[in-house]
Amino acid sequence: MMTRALAIAWILVGLAAAVPAAPASAERLIVSVSNHRVTVTPNYSGEELVLFGSVEKDADTPANRASYDLVVTIIGPRADMVTRRKERRFGIWINADYRQFLQVPSYLAVFANRPLDDVAAAEVQRRQQLGLNNMILTQRVGPDYADVVPNDPFRSAFVRLRRESGLYREDTSAVTFLTPTLFRTGIPLPAAVPIGTYEVEIKLFSNGMFIAKTESAFEIVKVGFEQFVATNARQNGFIYGLITTAMALMSGWMASIVFAKD
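Residues numbered from 1 in each chain as written. Predicted model: local features only at pLDDT ≥ 70, side-chain atom pairs only at ≥ 80, totals over all residues. Heavy atoms only, no water.

**Considering the overall build of the protein**
Okay, so step 1: Scanning the protein from N- to C-terminus turns up six helices and 14 strands.
Okay, so step 2: Expressed as a percentage of the 262 residues in the protein, the buried residues total 34%.
Okay, so step 3: When contacts within the protein are restricted to residue pairs at least 6 apart in sequence, those whose partners lie at least 24 apart make up 68%.
Okay, so step 4: Counting every atom, the protein has about 16,200 Å² of accessible surface; 59% of that belongs to carbon and sulfur. (Helix = DSSP H or I, 4+ residues; strand = E, 2+ residues; numbered from the N terminus. Buried < 20%, exposed > 50% of the residue type's maximum accessible area, 1.4 Å probe, protein only. Contact = heavy atoms within 4.5 Å. Areas by Shrake-Rupley, 256 points an atom, 1.4 Å probe, with all protein chains shown as cover.)

Dropping the structure here:
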């Protein structure tokens, strides 16, 4: 019995030694968003939220902590999307190839207080998914699922098109430190912003090291007639289709009367 107990004790000691200790952080992030619920009405043309917060130190904070760097990542609702490549054949443009992106953010923004290469080393950026090039965008490549290199033509085209629509963005001067520990940044939301819940990740760095992280969230919802239409389209698809068809027929009939020629 003693031999067995001793063996178990050594196994537990070995397991404890094999598990790396989590780095203790002496800083804590406290953040808030100016509006946690954005309502989209028929005349909605976009909005900008403000994220603000502070770095809270304690007695264990190292004295050599001269300055901080902050990276804020906003991730919108996830969805499957497709990027198509067009080619000119026989004088016309056709879809020659495509790539499907699986459950990728419909909105993605990365903000920092200075260039990411100055914030952390390349390996840390990849591990922490800092910046658009390091975010995981899973694709269906034949029978496989993978995230390819940033300069893959389909991935590059997908990110470029999303950036042109204002739904993907990266700005390494968007975070402002008002004091050594107090910061703010704006979160622009274009008119075509998707509906749903948005996750906000705030990561703190110092001297190239990741030292703290916190999360927040906000929601974008439709209200009024648009919400009524969207809800019925999802929950009563057949009836919604009949009503839409009837309205189209009625509009055509009324137009034929108004513009009828004698």
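**Some words on the pairing of strand β3 (residues 47-57)**
Okay, so step 1: Bridge analysis of strand β1 (residues 27-33) against β3 gives seven bridges, and the strand direction is antiparallel. By the bridge assignment, V31 is partnered in β3 with G53.
Okay, so step 2: Where β3 meets strand β12 (residues 182-189), eight bridges bridge the pair, whose relative direction is antiparallel. By the bridge assignment, G53 is partnered in β12 with F183. (Pairing = 2+ DSSP bridges.)

**Details of the nonpolar core**
Generally speaking, a soluble globular protein has its nonpolar side chains buried in company with each other.
Okay, so step 1: With 30 residues, the main nonpolar core has I74, L189 and F218 as its most contacted residues.
Okay, so step 2: Of all the secondary-structure elements, those providing two or more residues to this core are β1, β2 (37-40), β3, β4 (69-75), β7 (108-112), β12, β13 (196-206) and β14 (209-222).
Okay, so step 3: Those residues within four positions of I74 in sequence are excluded, and the remaining contacts are Y107, L108, A109, F111, I187, Y198, E199, V200 and F218. (Core = buried A, V, L, I, M, F, W, Y, C linked by side-chain atoms within 4.5 Å.)

**A look at the confidence of the model for the protein**
Okay, so step 1: Per-residue confidence for the protein averages 82 on the pLDDT scale, and 79% of its residues sit at or above 70.
Okay, so step 2: For the stretch residues 1-23, pLDDT sits under 50, and the model shows zero contacts to residues farther than four places along the chain or on other chains. (pLDDT = per-residue confidence, 0-100.)

**With respect to helix α4 (residues 153-164)**
Okay, so step 1: When the terminal C-alpha atoms of α4 are compared, their 16 Å separation across 12 residues agrees well with the 16 Å that a helix rising 1.5 Å per residue should span.
Okay, so step 2: Listing the buried residues of α4 in full gives F154, R155, A157, F158, V159 and R162.
Okay, so step 3: In this structure D152 caps α4, since a side-chain oxygen of it lies 3.2 Å from the backbone nitrogen of F154.
Okay, so step 4: Remark: G166 follows α4 within two positions and exhibits a positive phi of approximately 80°. (Expected span 1.5 Å × (residues − 1). Polar contact = N/O pair within 3.5 Å; in protein donor to acceptor, adjacent residues only side chain to side chain.)

**A look at the environment of T73**
Okay, so step 1: Within the secondary structure, T73 sits in strand β4.
Okay, so step 2: The spatial distance from the C-alpha of T73 to the C-alpha of E170 is 9.2 Å, given a sequence separation of 97 residues.
Okay, so step 3: The contact partners of T73, leaving out residues within four places of it in the chain, are L108, A109, V110, M135, E199, V200 and E201.

**Some thoughts on the pattern of salt bridges**
Okay, so step 1: Applying the stated criterion across every chain yields a total of seven salt bridges.
Okay, so step 2: One salt bridge in this structure joins R99 and D152, with 3.8 Å as the shortest N-O distance. One end of the pair, R99, is in strand β6 (residues 92-105); the other, D152, is in the loop between β9 (144-146) and α4, and 53 residues separate them in sequence.
Okay, so step 3: Given a relative accessible area of 14%, R99 falls into the buried group.
Okay, so step 4: In this structure D152 comes out as buried when scored by relative accessible area, which is 13%.
Okay, so step 5: Its salt-bridge partner being K213, residue E215 comes within 3.5 Å of it at the nearest N-O pair.
Okay, so step 6: For E215, a relative accessible area of 52% puts it in the exposed group.
Okay, so step 7: Shared partners join several salt bridges into a network, and the residues in it are E123, R126 and R127. (Salt bridge = Lys/Arg side-chain N within 4 Å of Asp/Glu carboxyl O.)

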